[in-house]
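Survey of secondary and tertiary structure
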Amino acid sequence: MNTLDQNTRKYLLRTTLFMGGYAAVNIAAITGAFDDLHGPGAVLFALVVAAPIIGQIWSLIVWMRDSDEFVRALMAKRFIVATGVTLAVASAWGLLELYAGAPHVSAAMVYPMFWAAFGVVSPLIRTSH
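Report follows, based on the coordinates.

1. A short note on the overall build of the chain
Across its full length, the chain holds four helices and zero strands. Listing each helix as α and each strand as β along the chain from the N terminus yields α-α-α-α. By the compact-globule yardstick of 14 Å for 129 residues, the chain is too spread out, its C-alpha radius of gyration being 18 Å. Reported as C-alpha extents along the three principal axes, the dimensions of the chain are approximately 50 × 35 × 25 Å. The buried share of the chain, taken over its 129 residues, is 23%. Across the chain, every contact between residues at least 6 apart in sequence was considered, and the portion connecting residues at least 24 apart equals 71%. Looking at the chain as shown, the accessible area adds up to about 8700 Å², and 72% of this sits on carbon and sulfur atoms. Positive and negative charge centroids in the chain, built from 8 and 7 side chains respectively, lie 13 Å apart.

Here it is in structure tokens:
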């Protein structure tokens, strides 16, 4: 049986907690729990929703830092390429919005787009070279 190492277990726990909090707060928002927020309260709420995203990114970076050299290099390469793909797509779409009348997409979609890009590039990047 293949067991997860301690570092991976910590990463999975942290990610589950951060993304669980993120999902819970967004589900509450979608169902109208925070519809009456305005001004500073709305700004604070937006920052509270962003906090688990920051926490999950921190969790991934800590996992990478504590992994062996091969895994760290492989994941760093995937992370960098996925970031580049995300930046390219987000920039191209922004220009399409600006110059070609494409429908607006919230910047909040950049984070899920990064993970979609990460999922696409990961099977293609299999070496740390």
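The rest of the description comes next.
2. Focus on helix H1 (residues 6-30)
Across its 25 residues, H1 extends 36 Å between first and last C-alpha, which sits within 8% of the 36 Å expected from 1.5 Å per residue. For H1, the set of buried residues is Asn-7, Thr-8, Tyr-11, Thr-15 and Val-25. For H1, the elements touching its buried residues are helix H2 (40-66). The distance from a side-chain oxygen at the start of H1 to the backbone nitrogen of Asn-7 is 3.2 Å, and the residue carrying that oxygen is Asp-5. Positive phi shows up at Gly-32, right after H1, with a value of about 95 degrees.

3. Side note on the packing of aromatic side chains
A complete count under the given rule lists eight aromatic pairs for this structure. On the basis of an interplanar angle of 45 degrees and a centroid distance of 5.9 Å, the ring pair of Phe-114 and Phe-118 is categorised as tilted. Here Phe-118 and Phe-114 lie together in helix H4 (residues 110-121), a separation of four residues that amounts to about one turn. Comparing Phe-114 with Phe-118 shows no difference in burial state: the two are buried. Aromatic pair Trp-115 and Phe-118: ring centres 5.1 Å apart, planes at 65 degrees, arrangement edge-to-face. Highlighted residues: Trp-115 and Phe-118, both in helix H4, separated by three residues, approximately one helical turn. These aromatic residues form a ring-pair network of at least three members: Phe-79, Tyr-111, Phe-114, Trp-115 and Phe-118.

Procedures and definitions
- Residues numbered from 1 in each chain as written.
- Predicted model: local features only at pLDDT ≥ 70, side-chain atom pairs only at ≥ 80, totals over all residues.
- Heavy atoms only, no water.
- Helix = DSSP H or I, 4+ residues; strand = E, 2+ residues; numbered from the N terminus.
- Rg over C-alpha atoms; globule rule 2.2 N^0.38 Å.
- Buried < 20%, exposed > 50% of the residue type's maximum accessible area, 1.4 Å probe, protein only.
- Contact = heavy atoms within 4.5 Å.
- Areas by Shrake-Rupley, 256 points an atom, 1.4 Å probe, with all protein chains shown as cover.
- Lys, Arg positive; Asp, Glu negative; His and termini not counted.
- Charge placed at Lys NZ, Arg CZ, Asp CG, Glu CD.
- Expected span 1.5 Å × (residues − 1).
- Polar contact = N/O pair within 3.5 Å; in protein donor to acceptor, adjacent residues only side chain to side chain.
- Phe/Tyr/Trp six-rings, centres within 6.5 Å; stacked < 30°, edge-to-face > 60°.

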